[in-house]
Amino acid sequence: MQPQQKKGVKLEVEADENIIMLVNKNRIKQMLINLVDNAIKYNIENGTVHIRASKASGKTMISIRDTGIGISEKHHSRIFERFYRVDKGRSRNMGGTGLGLSIVKHIVNLYNGDIRVVSKAGQGTEFIIQLPL
Ligand SMILES: Nc1ncnc2c1ncn2[C@@H]1O[C@H](COP(=O)(O)OP(=O)(O)OP(=O)(O)O)[C@@H](O)[C@H]1O
Ligand SMILES: [Mg+2]
């Protein structure tokens, strides 16, 4: 698909009220933009991206879940590395440099949080971030 074509991905947002985070707004924005960009880019046509933010036992939990192509388990330990791309040909066609997730990981680390990925090839992807309050 050419980048200028519409993909019809639906964005759903669900957030608890009164989530207060002592963070730099631009950093968190950059973190979310990278994750949502991936969730759209590696989605199927007319797929869905679900963003959820909630409070849980002294932590803020943010989840970005998509209905896209998924990531097979053997890549999970490497996708946060700089320049790492699962499908080099496909990613390059989409203009990907493989830096997005390394930036995300860096920001999560700055706030002593953690990030994990739940995904299987062909079955969508969920990134779950937990940040201490
Ligand atoms: N939501 C996702 N679904 C499927 N694969 C993903 C998803 N997010 C990341 N990936 C895979 O992980 C790789 C690394 O992601 P990352 O965001 O770091 O790089 P990129 O998207 O290729 O390039 P950039 O973010 O620099 O434009 C991607 O190339 C892609 O193969
Ligand atoms: Mg990316």
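None of the values given here were measured: they were computed from a predicted structure.

## Quick word on the nonpolar core
And then number 1: Among the nonpolar cores identified, the biggest contains 24 residues, and M31, L35, I79, F127 and I129 are the most heavily contacted of them.
And then number 2: Those elements giving two or more residues to this core turn out to be α1 (25–41), β2 (48–56), β3 (59–66), α3 (100–110), β4 (114–119) and β5 (125–132).
And then number 3: Take this core: its biggest share by element is 5 residues, from α1.
And then number 4: Not counting residues within four places of it along the chain, the set of residues in contact with L35 comprises I64, L101, V104, F127 and I129.

## Remarks on the packing of aromatic side chains
And then number 1: Throughout the structure, instances matching the rule amount to 1 aromatic pair.
And then number 2: Ring centres of F80 and F127 lie 6.1 Å apart, and the angle between their planes is 85°; this geometry places the pair in the edge-to-face category. Taken together, the residues F80 in the loop between β3 and α2 (88–93) and F127 in strand β5 connect sequence positions 47 residues apart. One exposure class covers both F80 and F127, and it is buried.
And then number 3: Looking at K105, its charged tip hangs above the ring of F80, at a distance of 5.4 Å from the centre.

Conventions used here
- For every chain, the first residue of its written sequence is number 1, and the numbers climb from 1 along that sequence.
- All chains are assigned letters beginning with A, and all ligands numbers beginning with 1, in the order in which they are written.
- Under the rules for a predicted model, residues below a pLDDT of 70 receive no local features and side-chain atom pairs below 80 are neither given nor counted, while totals for whole chains, interfaces and linings still include all residues.
- Values reported for side chains reflect all heavy atoms of the structure, with hydrogen atoms and water molecules removed beforehand.
- Take the buried Ala, Val, Leu, Ile, Met, Phe, Trp, Tyr and Cys residues and link them wherever side-chain atoms come within 4.5 Å; each set so joined is a nonpolar core.
- Burial classes follow relative accessibility: with a 1.4 Å probe on protein chains only, a residue under 20% of its type's maximum area counts as buried, one over 50% as exposed, and anything between as partly exposed.
- Helix and strand definitions here come from DSSP, where helices need a minimum of 4 consecutive H or I residues and strands a minimum of 2 consecutive E residues; each element is numbered from the N-terminal end.
- Throughout, a residue-residue contact means that at least one pair of heavy atoms, one from each residue, lies within 4.5 Å.
- Working definition: rings of Phe, Tyr and Trp (its six-membered ring) pair if their centres are within 6.5 Å, and the pair is stacked with planes under 30 degrees apart, edge-to-face with planes over 60 apart, and tilted otherwise.
- Sitting over a ring, as applied to charges here, requires NZ of Lys or CZ of Arg to be within 6 Å of the ring centre and within 35 degrees of the ring normal.

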